[in-house]
Amino acid sequence: DEHQLDDFLLGRQLLLLYGVTRNTRYLTAATTLYDLLQKQPRNAEGGFRPKQPYPDQMWLDGLYMAEPFYAEYSSISHHPENFADITHPFVLMEERARGMGWFMMALVDTLGSYPAGDPGRAQLLAILRREAEAVARAQDRATGLWYDVPDKPGAQGNYLESSAACMLVYALAKGVRRGYLPARYLSDAERGYRGILAHFIRYGPGDDVSLASTAKGSGLGGNPCRDGSHACYFGETIAANDPKGVGAFLLASVEMENARNARLGRGDTVIVDGWFNSQQRTDAFGQTAEFHYKWKTQDEPGYSLFGHIFRLYGAETAELDAEPTLANLRGAQIFVIASPDNLEKNPRAHFAAMEDANRIAAWVRAGGVLMIMENDTSFADLDHFNLVSEKFGIHFNSVLRKHVMGTQWQMGKIDVSGSGPIFHHAHTLYMKDVCTISVSGPARPALTEGSDIFMAVAKYGKGTVFANVDPWLYNEYTDGRKLPSVYDNYAAGRELVRWVLAQVPRRAQTALPAQ
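Residues numbered from 1 in each chain as written. Predicted model: local features only at pLDDT ≥ 70, side-chain atom pairs only at ≥ 80, totals over all residues. Heavy atoms only, no water.

**Student:** It is not clear to me how the nonpolar core should be interpreted in this structure. Could you clarify?
**Tutor:** The nonpolar side chains of soluble globular proteins are, as a tendency, buried together. Ranked by size, the top nonpolar core spans 79 residues in total, and within it Y303, F310 and F392 carry the most contacts. Here this core takes seven residues from strand β16 (residues 452-460), the largest share from any one element. Excluding anything up to four places from it in sequence, F310 contacts V270, W295, A315, T317, I334, M371, V497, V500 and L501. One finds I86, V135, I196 and A259 within the second-largest nonpolar core, a separate group that totals 69 residues. (Core = buried A, V, L, I, M, F, W, Y, C linked by side-chain atoms within 4.5 Å. Buried < 20%, exposed > 50% of the residue type's maximum accessible area, 1.4 Å probe, protein only. Helix = DSSP H or I, 4+ residues; strand = E, 2+ residues; numbered from the N terminus. Contact = heavy atoms within 4.5 Å.)

Now the structure itself:
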């Protein structure tokens, strides 16, 4: 059966719902969409085509509707061979793009699902950079906006159009934040957003806000205007609060509100350990994958929201499922180790040895920032991993604190005044079943309750070590679905991430000694 490409847009939301809840009905629905996409008719050049009456076209909005979902599903379902097919229409459409906003949004939303070594990723990055350069040249200098047909600003009937401006601002800002585009394009996005607010936003009675000047239909026109003639260039109908304009405005607004934060971690890479914690489970497609405290894990034991915070601040996240040698840590500015496995949790646990301690200490000394997120002894190894932490004057004690029974959340409550070295605002934290820390040498307490130290910090050479007695920022206790609203782990996590990124030496990447 032939479908409108718009039908595939919500596939990404289905994948998110499945990832967070692991309710298979959402994956079943997403798989149904994926199977339908595989059967979607192709045009003569191999691109997906929409329904009639345009059998030979793949419009730019179709790229946005279908390709990010196609890429994300292919990534989680272990189909790397699909990425050549995903890359093809972008290459094909680059020279023909009539809807640059749709095209660039599709690029920045699809790139995040590409395998790092896939050749198509480099192709898409190159296309995005060429398009960004062209878009910046076409930006109206007086208003910061773009015309309905960007390269014909003086043509009769052409006008400044709001959905294009919102889409392009979103794509430029996200492209810079994710490291796909050079930082200079953020100034173009900022100028465009100021233009949107000044020229397109209308305020009505009360709190009413409207977005004006969105073309309801533009580009090809109707029969017989399909030959690129002048009469077909411009939208026949201009509307207020057209959904594609409002949606793009919301996306652009979120990116621009966060743009100042995203400067902090730009160029930094944050690696999460998959060696000392290498617990595995079988995914819905029958393959084993590490899941505990990992960026890609979206349900309760994952670190997807923790990773999201780092990416909000402009850093890139990666996972290391091999031994943390100096070679494997090269290029990383921050290394997160959470709850090293004990034998009860992982019969094939990789225990830390003195060689590991020496390597990690050398990496920190050269300017790396190490985050140790321990646990209590029933869930994690303390004895072996103290070989690593004691290099920095941090010892994890084999005791149990904050033991929570059932839903007696107050048993895990920790009040933060906001006057410490890390947290500058008051918070109410939740930590469940934790150990404590003893400090010596360069280490200093950073969060205490009575005589118990729950967080500690150490300066070591050019680097910094942060230690916590709990994995803490995993999704179960940051996504807001389980804890009462008084607990604000997510907000406190944002402060912690800001502080951690601020510890990275800004003048140069970590210079590692020879292994």
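**Student:** How should I be thinking about the pattern of salt bridges in this particular structure?
**Tutor:** Oppositely charged side chains can form a pair if their charged atoms are brought close together. Counted under the stated rule, the structure contains 19 salt bridges. One salt bridge in this structure joins R177 and E255, with 2.8 Å as the shortest N-O distance. Separated by 78 residues along the polypeptide, R177 in helix α7 (residues 162-177) and E255 in helix α9 (residues 243-262) bring together distant segments of the chain. Under the relative-accessibility criterion, E255 is labelled buried at 8%. Of the charged contacts in the structure, one is a salt bridge between R281 and D299, with a shortest N-O distance of 2.9 Å. Of this pair, R281 sits in strand β6 (residues 280-282) while D299 sits in the loop between β7 (288-290) and α10 (304-312), and the two are 18 residues apart along the sequence. Classification of R281 as partly exposed rests on a relative accessible area of 23%. When its relative accessible area of 9% is taken as the criterion, D299 is described as buried. One network of salt bridges, in which partners are shared, links R12, D109 and K174. (Salt bridge = Lys/Arg side-chain N within 4 Å of Asp/Glu carboxyl O.)

**Student:** I'm lost on the packing of helix α3 (residues 60-76) against helix α5 (residues 100-111) in this one. Help?
**Tutor:** Between α3 and α5, the shortest axis-to-axis distance is 8 Å and the interhelical angle comes to 5°. By the angle between their axes, α3 is roughly parallel relative to α5. Every residue of α5 that contacts α3 at L60, D61, L63, Y64, M65, E67, P68 and A71 is listed here: W102, F103, M105, A106, D109 and T110. Residue classes in the contact of α3 with α5 are distributed as 10 nonpolar, one polar and three charged. (Axes fitted to C-alpha atoms, helices over the stretch in contact; angles between N-to-C directions. Parallel < 35°, antiparallel > 145°, perpendicular 65-115°, else oblique. Nonpolar A, V, L, I, M, F, W, Y, C, P; charged D, E, K, R; others polar.)

**Student:** Could you clarify how one ought to interpret α9 in this entry?
**Tutor:** An α-helix turns once every 3.6 residues. As a result, residues three or four positions apart point the same way. For α9, built from 20 residues, the straight-helix expectation of 28 Å at 1.5 Å per residue is met to within 8% by its first-to-last C-alpha distance of 28 Å. Of the positions making up α9, those classed as buried are G245, A248, F249, A252, S253, E255, M256, N258, A259 and A262. (Expected span 1.5 Å × (residues − 1).)

**Student:** Please clarify how unusual backbone geometry should be interpreted in this entry.
**Tutor:** Glycine aside, residues mostly have negative phi, and peptide bonds are mostly found in the trans state. The phi torsion at R22 lies on the positive side, around 55°, for a residue other than glycine. Structurally, R22 can be placed in the loop between α1 (11-21) and α2 (24-39). We classify R22 as partly exposed; its relative accessible area is 32%. Of note in the backbone geometry, K402 takes a positive phi value of approximately 55° without being a glycine. Note on K402: relative accessible area 14%, which makes it buried.

**Student:** I would appreciate a short explanation of the pairing of strand β9 (residues 334-338) in the present structure.
**Tutor:** Most of β9 sits out of view: five of its five residues are buried. Residue alternation in β9 divides its side chains into two sets, I334, V336 and A338 and F335 and I337, and both sets are buried. Where strand β5 (residues 269-273) meets β9, three bridges bridge the pair, whose relative direction is parallel. Along β9, the bridge assignment pairs I271 with F335. By the bridge criterion, five bridges tie β9 to strand β10 (residues 369-373) in an arrangement that is parallel. Looking at β10, one finds that A338 is bridged to M373. Handedness of the crossover joining β9 and β10 through helix α12 (residues 354-365): right-handed. (Pairing = 2+ DSSP bridges. Right-handed = clockwise from strand over helix to strand, strands pointing away.)

**Student:** Would you mind showing me how to read α2 here?
**Tutor:** Spanning 16 residues, α2 covers 23 Å between terminal C-alpha atoms, matching the ideal 22 Å at 1.5 Å per step. Every buried residue of α2 is accounted for by Y26, L27, A30, L33, Y34 and L37. Projected down its long axis, α2 carries its buried residues within an arc of 120°, all on one side. Those residues of α2 that are exposed and aimed more than 90 degrees away from the buried face are T24, R25 and K39. Packing partners of the buried residues in α2 comprise α1 and α3. (Arc of directions from axis to C-beta.)

Geometric values such as these leave the question of function open.
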